[in-house]
Amino acid sequence: MVEVNLWSGLRKFTDGAEVVEVEAKTVGQVLDALIEAHPGLGPVIEAGVSVAVDGEVVTGGRQMPVAPDSEVFLMQQIKGG
Amino acid sequence: MAKDEITKGYTWIGTTPDRPDGLDKVTGRARYGADFSLPNMLHGAVVRSPHAHARIVKIDATKALALTGVKAVVTRADLPTGLTGEDLYLQENTLAGEKALYDGHAVAAVAATTALIAQDAAKLIEVEYEVLPHVTDVDEAMKPDAPVILPGCADHSVPEGSAPNVARYIDFGRGDLDAGFAEADVVRSAHYTTEATHQGYIEPHAAVGQMGADGKGEMWVCTQGQWYIRKMCSAVLGTDPAQLRVTPSEIGGGFGGKTTIFMEPLPLALSKKAGGRPVKMVMTRAEVLRATGPTASASMDVKMGMKKDGTITAARVDFRMQGGPFPGASPVGEALSCAFACYDIPNLGHHGWEVLANRPKCAAYRAPGSPMAAYAVESMVDELCRELGLDPIEVRLKNGVKEGTRASFGPKYKRIGLVETLEAAKAHPNYAVELGPNQGRGVASGFWFNHGGETSVSMAITEDGTAQVSVGTPDIGGSRASIALMAAETLGIPYENVRVNIVETGALGVNEPTHGSRATFASGKAMWEAAQGAIKEMCKRAAQKWDIDPEAVTWKDGAAHPAGENAGKFEPMTIKEIAAEMGKTGGPISGHHESTPSGAGPSFGTHVVDVEVDPETGHTKVLRYLVVQDAGTAIHPAYVEGQYQGGAAQGIGWALNEAYIYGQDGRLQNPIFLDYRMPVASDLPMIDTVIVEVPNPGHPFGVRGVGETGITPPLPALANAIHAATGARLRKLPMNPPAVLAAIRAKG
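- An unreviewed UniProt entry lists chain B under the name Oxidoreductase, with Pararhodobacter aggregans given as the organism.

- In the annotation of an unreviewed UniProt entry, chain A is listed under the name Molybdopterin synthase sulfur carrier subunit and assigned to Pararhodobacter aggregans.

### Overview of the overall build of chain A
Move 1: Counting its regular elements, chain A contains two helices and five strands.
Move 2: For chain A, the sequential pattern of α-helices and β-strands runs β-β-α-α-β-β-β.
Move 3: Computed over its C-alpha atoms, the radius of gyration of chain A comes to 12 Å, within 12% of the 12 Å expected for a compact globule of 81 residues.

### Re the interface of chain A and chain B
Accessible area lost upon the coming together of the parts serves often as the stated size of an interface.
Move 1: Chain A puts 23 residues into the contact, and the matching count from chain B is 35 residues.
Move 2: Looking at the side of chain A that touches chain B, the elements with two or more residues in it are α2 (42–47), β4 (56–57) and β5 (72–76) of chain A.
Move 3: By residue class, the composition of the side of chain A that touches chain B is 10 nonpolar, 10 polar and three charged.

### A few points about unusual backbone geometry
All names here are of chain B.
Move 1: Cis geometry marks the peptide bond from Leu733 to Pro734; its omega dihedral reads 0°.
Move 2: In the Ramachandran plot, Phe255 falls in the positive-phi region, its phi being about 55° despite a non-glycine side chain.
Move 3: Following the sequence through the fold, Phe255 ends up in the loop between β11 (244–248) and α8 (265–273).
Move 4: Looking at Phe255, the number of C-beta atoms within 10 Å reads 27, which means it is buried.
Move 5: Notably, Asn450 is not glycine yet its phi reads approximately 70°, a positive angle.
Move 6: With respect to the secondary-structure elements, Asn450 resides in the loop between β16 (439–448) and β17 (455–461).
Move 7: The buried category is assigned to Asn450, around which 29 C-beta atoms lie within 10 Å.

### Focus: the domain arrangement of chain B
Residue and element names in this part refer to chain B.
Move 1: Here the domain parsing of chain B yields domain 1 (3–30 + 452–595) and domain 2 (369–450 + 601–747).
Move 2: The centre of domain 1, based on its C-alpha atoms, is set 37 Å off from the matching centre of domain 2.
Move 3: Taken residue by residue, the interface counts 19 residues in domain 1 and 24 residues in domain 2.
Move 4: Those elements that place two or more of their residues in the side of domain 1 that touches domain 2 are α14 (479–491) and α15 (519–546).
Move 5: Here the side of domain 1 that touches domain 2 gets five residues from one element, more than from any other, and that element is α15.
Move 6: Partitioning the side of domain 1 that touches domain 2 into residue classes produces seven nonpolar, nine polar and three charged.

### Some words on helix α17 (residues 637–656) of chain B
Move 1: Over its 20 residues, α17 of chain B extends 28 Å from the first C-alpha to the last, a length consistent with the 28 Å expected when each residue adds 1.5 Å.
Move 2: Burial runs high along α17 of chain B: 15 of the 20 residues are buried.

### Some details on the packing of α17 of chain B against helix α18 (residues 714–726) of chain B
Residue and element names in this part refer to chain B.
Move 1: For the pair α17 and α18, interaxial distance at closest approach is 8 Å and the crossing angle is 55°. The angle between the axes of α17 and α18 places the two elements in the oblique class. Crossing of α17 against α18: the hand is right-handed. Counting all contacts with α17, which are made through Ala648, Gly651, Ile652, Trp654, Ala655 and Leu656, the residues of α18 involved are Pro714, Leu715, Leu718 and Ala719.

So, how was this worked out
Sequence order as written defines residue numbering, which begins from 1 separately in each chain. Chains and ligands are labelled by the order in which they are written, letters from A for the one and numbers from 1 for the other. The predicted nature of this model means local features are confined to residues of pLDDT at least 70 and side-chain atom pairs, given and counted, to a pLDDT of 80 or more, with totals for whole chains, interfaces and linings taken over all residues. Only runs of H or I of at least four residues qualify as helices and only runs of E of at least two qualify as strands under DSSP, and these elements are numbered from the N terminus. The globule rule used for comparison is 2.2 Å times the number of residues to the exponent 0.38, while the radius of gyration itself is calculated over C-alpha atoms. By definition, residues are in contact whenever their C-beta atoms, placed on the basis of the backbone, come within 7 Å of each other. In this classification, Asp, Glu, Lys and Arg are treated as charged, Ala, Val, Leu, Ile, Met, Phe, Trp, Tyr, Cys and Pro as nonpolar, and every other residue, Gly included, as polar. Residues are called buried when their C-beta atom has 20 or more other C-beta atoms within 10 Å, exposed when it has 12 or fewer, and partly exposed otherwise; all C-beta atoms are positioned from the backbone. A domain assignment, automatic or from a database, supplies the domain bounds used here. Helix span is expected to be 1.5 Å times the residue number reduced by one. Axis lines are fitted through C-alpha atoms, for helices just across the contact stretch, and the angle between N-to-C directions can take any value from 0 to 180 degrees. In this scheme, roughly parallel covers angles under 35 degrees and roughly antiparallel covers those over 145, while 65 to 115 is roughly perpendicular and the rest are oblique. In this scheme the handedness of a crossing depends on how the near helix is turned from the far one: anticlockwise by less than a right angle means left-handed, clockwise means right-handed.

See the structure below:
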């Protein structure tokens, strides 16, 4: 299982939990599993989020591998100028 | 590549040759957006709302269409319906639907045989408006009884009972704020505001568009991202993106403002209606300022607790930012994430509100959100330092983030260079200069994430042993030169033997724009991968000739070599020799790479500024300015320095003078450069730079993006310097002479 850290504004979709566990081997599977377990996160994730895996922001990298001990954070989507 | 593998001792990287596009640009040979023309071309003009908020009752183009030379008029009725989300907002912004939502909002467009006829025709299009109450101020827009701009704009994040113009709410944090503040010796809070500012690129938006009745089209356009233009224009017009070919012109500045569309779909829509004749459209400066993306205006509260030794124990921000009349444009999320990115603080709270207002749709502007956040937070840090008698650099060193620190936005940092920038700033001679009367010194640090993004690059070896590199990221700040240097280094050939072409949408897979400080990082990384493919093939050709295993061939100094004594004794085969024969040894040699690279290491910077304030007039003179920033590896140090200086210059303008000024009628009062006061050469000192190099482990040469971080620290650095010079703390931008004078007088 992979622990996913959410920003606190998402707690209302996860029964108050800021850290949730999902079964996943890639970033894409993390996002799909989050939506399946917590459907309220669907619009948030579909609107666009960034995911940080072990300190690296992997925006758009659904294929990026995730290990059971990876540190995964869901973050606001970042745009640049 | 692991950072251990990053080595110095480069041949080309770190040198400063002339840019490949330099001669074209200084001789006028370079073609910018307005330089394109086609046979039988028409010219377009736009009718814009004079009202900040108004219902469009009727549009009558009868008189305009009767004018000789007028070939087409388009209104919203000509565009498809049924769009949703950002596509709908882009379409609404291209041409207003039921309501005009800000002063300058486009309501109709016309194409005619000359630009003058088009302008005359635009005046003949009669628009009947029902003027509605408007709101342009972010705090006013958040009031429950404010004029409602877009009913139902709130997304899932907005709490029940919020004001109707609140489109999004964000909160995140960690630790125990109350306990953290209780632990502090001093707790202070303050309110800061910034006005909207424009990117101020010297080249206005310009495009030539051609589209037939079959929906096939072409566009030549000034943009940071030709694929975004293709995607967005096609969405707005309801056409197939694969049938639109977009070629980018040279670009006279963008800074984020040209990563999206404003008028660009209109030449295509007019062309389609005018029987496929090409249509050219060039914005005036007033149109640029009234109707293209400035950044957001912000209303911000900061609370921070500090111990007597300088340890920051807790901090909280509440940011409210308006991004115009459509959701998703305000950079409040980025601002929150950047607010405490430089600090290791155990107890943190971030709260943000995106608010709609009757202003133009915001676009990205260099590190979107980060300068405003830095203005509030870095000013507060300075206020606490002064109250406790602490050195501002020492306090930043004490609390500064480093490798392994958990960032304020969640994950742990990999290798970063904030501490190195602080140490370099402390050691710089500028920090030791003795100051005189009415003079003061300000320090601030800043941060930007940097970005990877979808990237596609190809490299072709030419018959003469040179290399052609095709990239999709328009060259705004010297990326042709940096990519050519990295290609020369990778292939082992001279810089002059590499030509980097910025290509159109039909020539490569998708590329995100030149944004997020990504061009040198992402296109450079993809170029390196593409070059490995070409090198592998060249080694194979040499192996064929030598009749040995391709694995027994290595590449160095621009030639194939036997890998060792066991591979056999052969004279190295140069790229020139291999290329000359490639048609007879298996065909053309090339490499390509497509990916969405991660590993864009963040960049930190520290600025030190000295000012002198005239107590009689409130005028601030910038005496000296120092930018210290981590570039990872500076591929072309002169252009890295240029990015640092450019960021500082724009930040100085934002801090001291620039602002969108709206009248009571909701109309922009200063839509020309005479009144929108950008810095000119006489406003700026020589800007000193120090390039810190803490290699990014996520790039073959250690590159970090450098384009954006530099605009972040100037806002607070100048506020801190003005306070040091006058004793007056300015918590509102711009800090122009009347504002500074008023603050000095209020202090008594």
